[in-house]
Amino acid sequence: MRWTGILISAAACCVAIVATLPARAVDNARTDRILERLKNANAWRNHVMVVAHRTGWKENGRMIRAENSLDAVRNAIALGAEMIELDVRRSSDGTLILMHDDDLDRTTTCRGETRKTSLATLRTCRLVVESDGRVTDETVPTLEEVLLETRGRILVNIDNKLTPDILPQVAQLARRLAMAEQILVKENLWNDRRIAEAKAVMASVGSDVTFLPILADDAVRNADFMAKATASFGAPAAELVHWHADDAPETRDGGVLFSAKARAAAIKGNWHQWVNTYTIINRAPGMQAGGRGDERAVIDGRPLESWGFWIDHGATIIQTDEPKALIAWLDENGYRVPYDLTN
């Protein structure tokens, strides 16, 4: 099965490792505050957390930065997003890198399969802004480089594009950098067998790992399973996908995953309802959000019918391609509580 998530505890980080890190590495004031809000959903239902999809590559419907780039990461941090989402693969010589696709053609100046390309060659592949073909100054970054950039500043949602055997390597890297608790990943669950499979894999990964489920309404149709899936792993959030057919009208009620029963389950279990409003390439707008995606907010200029709708139906985490516009709108409408970093 394809794994897309892990939130790894920092408890395994030893004092000796922390002591060798630069001063900023152990100044985790901001990420500690973010984690406190993530892990205590009921105390923070007056604050909507923002996840910048593919590190935050778009503004107003346009791709203005290279996806999975350090430039986009730095921008998401500057905007005040709580989390970035990025895609992880391995080079031919085993280094963890950022790359969404199986091949390099779409997002870089190089050609060929990612897994068959060495790190040395990847260092020559310059990232491209897909919308206009603009070649940037950046080359394909390693996961370590990105983690160092984010340490103490923002959480990292790692979309693992490979098999579960990559997870110990990801965890080892995060622990070595004394920032394992900042790493977030997750996986699709839809029945008891999938829960059991996830538990078996988690047992091999280690007890210091926190698991977050993805629940989609093409298979999950009741709040009882939502409660079971989150409780089975002590998950502080669940990513909820309300699939939207190309010719269907916009959802009017948010579906079963955002029903009154679902919200009650989230409150009882103290976990966040997370919605994805970002675009799936070559699919209709709002494909994961009942037709109420980012395009409705920024292209049509009707954020209340997109982001506002999901907040009204319980969402306290939104993963978006439009972090700048979303954060501005949330601030303007009182959906964000400033972070106090003075104590």
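Residues numbered from 1 in each chain as written. Predicted model: local features only at pLDDT ≥ 70, side-chain atom pairs only at ≥ 80, totals over all residues. Heavy atoms only, no water.

Draft legend 1. Geometry of the overall build of the protein. Counting its regular elements, the protein contains 12 helices and 16 strands. Relative to the compact-globule value of 20 Å for 343 residues, the protein shows a C-alpha radius of gyration of 19 Å, a close match. When the backbone C-alpha atoms are referred to their principal axes, the protein occupies close to 50 × 45 × 45 Å. For the protein, with 343 residues in total, the buried portion stands at 57%. Once local pairs closer than 6 in sequence are excluded, the contacts in the protein between residues at least 24 apart make up 71%. (Helix = DSSP H or I, 4+ residues; strand = E, 2+ residues; numbered from the N terminus. Rg over C-alpha atoms; globule rule 2.2 N^0.38 Å. Buried < 20%, exposed > 50% of the residue type's maximum accessible area, 1.4 Å probe, protein only. Contact = heavy atoms within 4.5 Å.)

Draft legend 2. Geometry of the packing of aromatic side chains. Counting across every chain of the model gives 5 aromatic pairs. Relative to W329, the ring of W307 has its centre 6.2 Å away and its plane inclined at 55°; by these criteria the two rings are tilted. Residue W307 is found in helix 11 (residues 307–312), and its partner W329 is found in helix 12 (residues 323–332); the two are separated by 22 residues along the sequence. Residue W307 is classed as buried on the basis of its relative accessible area, which comes to 1%. Residue class for W329 comes out buried when judged on its relative accessible area of 10%. Connected via pairs of aromatic rings, a cluster forms that spans F258, F309 and W310. (Phe/Tyr/Trp six-rings, centres within 6.5 Å; stacked < 30°, edge-to-face > 60°.)

Draft legend 3. Representation of the pattern of salt bridges in the model. On inspection of all chains with the given rule, the structure shows 31 salt bridges. Taking the shortest distance from any N to any O, the salt bridge between R194 and E187 comes out at 2.5 Å. Notably, a salt bridge pairs E305 with R296, separated by 3.9 Å at the nearest N-O pair. Bridged by salt links that share partners, the residues E250, R292, R296, D300, R302 and E305 form one connected network. (Salt bridge = Lys/Arg side-chain N within 4 Å of Asp/Glu carboxyl O.)

Draft legend 4. Representation of the nonpolar core. Membership of the largest hydrophobic core comes to 63 residues, with the highest contact counts inside it found for I84, L86, L143, I158, L189 and L215. Excluding residues within four positions of it along the chain, L86 makes contact with T55, N68, L98, L143, V146, V156, N157, I158 and D159. Grouped together as the second largest cluster of nonpolar side chains are 13 residues, L35, L38, M83 and A237 included. (Core = buried A, V, L, I, M, F, W, Y, C linked by side-chain atoms within 4.5 Å.)

Draft legend 5. Representation of the packing of helix 3 (residues 70–79) against helix 5 (residues 143–150) in the model. One way to put it is that helix 3 packs onto helix 5 with a least axis distance of 10 Å and a crossing angle of 20°. On the basis of their axis angle, the class for helix 3 and helix 5 is roughly parallel. In the packing of helix 3 onto helix 5, the handedness of the crossing is right-handed. Along the contact surface, helix 3 presents L70, V73, R74 and I77, while helix 5 presents E145, V146, E149 and T150. (Axes fitted to C-alpha atoms, helices over the stretch in contact; angles between N-to-C directions. Parallel < 35°, antiparallel > 145°, perpendicular 65-115°, else oblique. Left-handed = near helix turned anticlockwise from the far one by under 90°.)

Draft legend 6. View of the environment of W329. Separated by 204 residues in sequence, W329 and C125 place their C-alpha atoms 36 Å apart. Among all residues touching W329, those that are not within four sequence positions of it are P303, L304, W307, G308, I311 and Y335.

Draft legend 7. View of the confidence of the model for the protein. When pLDDT is averaged along the protein, the result is 89, and 91% of the positions lie at 70 or above. The low-confidence segment residues 1–26 (pLDDT under 50) makes 83 contacts with residues lying over four places distant or belonging to another chain. (pLDDT = per-residue confidence, 0-100.)

Draft legend 8. Looking closely at the pairing of strand 8 (residues 134–139). When strand 7 (residues 126–129) meets strand 8, the two strands line up antiparallel, connected through 3 bridges. The residue of strand 8 that forms the bridge with V129 is R134. Linking strand 7 back to strand 8 in an antiparallel pair, the connection comprises 4 residues, with G133 at a positive phi of about 75°. (Pairing = 2+ DSSP bridges.)

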